[in-house]
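Report on the structure
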Amino acid sequence: MNTAVEKSRAIGREVAIVHADDVDQKSRFPAETIQAVRAAGLLGASVPQSLGGLGASATDLVTMCQNLAQGCSASGMVFAMHHIKVASLVRHMGQEPKLRAYAERVVKEQRLVASVTSEVGVGGDMRSSVCAVERSESGFSVVKDATTISYGAHADDLLLTSRRASDSPAGDQVLVLLEKGNYELEPTTTWDTLGMRGTCSPGFKVRGKGPLGYILPTPFSEIATMSMVPYSHLLWSGVWLGIASEAVNRARTFVRGEARKRPGFTPPAAIRLAEVTTQLQTMREHIHAASAEYDELAARPDGGRDALSSMGWALRINQLKIASSEAAAAITHLALGICGILGYKNGSPFSIGRLHRDALSAALMINNDRIHTTNASILLVHKDDT
Amino acid sequence: MKDKIRNILREHGKLAQDALSLLDEADLYQAGMTSHASVNVMLALESTFDIEFPDRMLKRNVFESIRAIEGAVTELVSGLSSKPAGAR
């Protein structure tokens, strides 16, 4: 696994960073980085070794996300979202032979998987769907009006949430796999944003179909609680840690340069550097503690079923998302203050603009206010008595 | 006790069907109970039965069916709270 983490570091430093500004300026897919990720076999990282994958832990994946995002935030986010989906798939596909065969092909063919959880008409609530799966003897079909599909036009396959059947309530959802060739995407909106421009996440109308075996046997409510929410918050945090680390690196280099100009005088920005590295450490330690806890719980004989379905865990992982998303934007902002006008300018070795714009997306990917509302509700019954 | 639980579910569970006609084993989440609704169900249960669910009981499977809720409430009402709850 160390080899795979090392590979991600090399790709971040040698490929992602080279194209990051171009990806940002043109709001284009980071094709070079994802190609390098494929060549290194990293799209299969979260697939268990028994199915040919690398069996990466959440902690390993967090570090890989950080390494890629340090070079290019969008590349890190594409990698994160792919593995959030693949980890959810492999943890909840059971013994369904079609899905197991598919997981093997994710590794062999290095297939890129995108997520279709958003939908017009549910008010941003991932746990509700309007669309419904239509079943017949030959398979299923579904039509979904998605408000956003990150790298939708560049993915091989899609994992899509939908109501279980046309008479199911909005919250009774299943996760279905749509393989390339079995779906059509019709763009409905564009993606011209402040940051995270390379994730290429416009809205699409999706029309898809598949064999019945491509409907995951586990209800989506359970997949979300046990895997998708924790993996999202952990891997996104890894991406944001990469962005924040890169901003602090640039600030550090800037301050060192100032110090060398006048040996004997501590540059005024040095005290801000001391402040921002403290924040970065807090952020890093929080993320690593949470990923280590997740890996420990998931390794239990019940797969973490008992502990991960508790309100205490939900509260903690939600709080991680809020804390790391706020830390990322605060840290890039401080780094901008340290690098000053050279940080404000684009194209300097100390530019912070792209990093700061990318970091601002963190609080909006599932809006922090929505998460605070959920936590506020949990706190009405949670006693912190364990 | 089941009648009281059914009435609480009818009032707070936001279920797609009438809680009074639900089977004891029916999956309440599949019947439309959201996480938010489940908190209101918990609050109403705590108030109605004068109990407090400890954190170890605040998990999905403890509230997934009328039977599971009945088991948890019975355990707390009878004071057998050292017994592990919610084990499948």
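All figures in this text were calculated on a predicted structure; none of them were measured in a lab. (Residues numbered from 1 in each chain as written. Chains lettered and ligands numbered in written order. Predicted model: local features only at pLDDT ≥ 70, side-chain atom pairs only at ≥ 80, totals over all residues. Heavy atoms only, no water.)

Now for the pattern of salt bridges. Where charged atoms from two side chains of opposite charge come close, those side chains can pair. Residues and elements named next belong to chain A. Enumeration over the complete set of coordinates arrives at 31 salt bridges over all chains. Salt-bridge contacts for Arg111 lead to Glu109; the nearest nitrogen and oxygen are separated by 2.6 Å. When its relative accessible area of 10% is taken as the criterion, Arg111 is described as buried. A salt bridge links Asp358 to Arg354; the nearest nitrogen and oxygen atoms lie 3.9 Å apart. One end of the pair, Asp358, and the other, Arg354, are both in helix α10 (residues 353–359), four residues apart, so they sit about a helical turn from each other. Comparing Asp358 with Arg354, the two get one shared label, buried. Among the charged side chains, a network of salt bridges with common partners joins Arg105, Glu109, Arg111, Asp157 and Glu179. (Salt bridge = Lys/Arg side-chain N within 4 Å of Asp/Glu carboxyl O. Buried < 20%, exposed > 50% of the residue type's maximum accessible area, 1.4 Å probe, protein only. Helix = DSSP H or I, 4+ residues; strand = E, 2+ residues; numbered from the N terminus.)

Moving on, we come to the environment of A:Ala80. Residue and element names in this part refer to chain A. Within the secondary structure, Ala80 is located in helix α4 (residues 73–92). Between the alpha carbons of Ala80 and Gly171 there is a distance of 25 Å; along the sequence they are 91 residues apart. Not counting residues within four places of it along the chain, the set of residues in contact with Ala80 comprises Cys65, Leu235 and Val239. (Contact = heavy atoms within 4.5 Å.)

What follows is about the domain arrangement of chain A. Residues and elements named next belong to chain A. Per the domain assignment, the segments making up chain A are domain 1 (2–112), domain 2 (114–214) and domain 3 (220–378). In this assembly, 27 residues from domain 1 lie in contact with 33 residues from domain 3. Taking both sides of the interface into account, the surface hidden between domain 1 and domain 3 amounts to around 2400 Å²; carbon and sulfur atoms contribute 61%. The tally of links from domain 1 across to domain 3 stands at two salt bridges. The salt bridge partner of Arg354 is Asp21, with a shortest N-O separation of 3.0 Å. Taken together, the links from domain 1 to domain 3 amount to nine residue pairs in polar contact (both at pLDDT 80 or more). Among the elements of the structure, α1 (2–26), α3 (58–71) and α4 are those that each provide at least two residues to the side of domain 1 that touches domain 3. With 12 residues, the single largest contributor to the side of domain 1 that touches domain 3 is α4. (Domains from an automatic or database assignment. Buried area = accessible area lost by both parts, 1.4 Å probe. Polar contact = N/O pair within 3.5 Å; in protein donor to acceptor, adjacent residues only side chain to side chain.)

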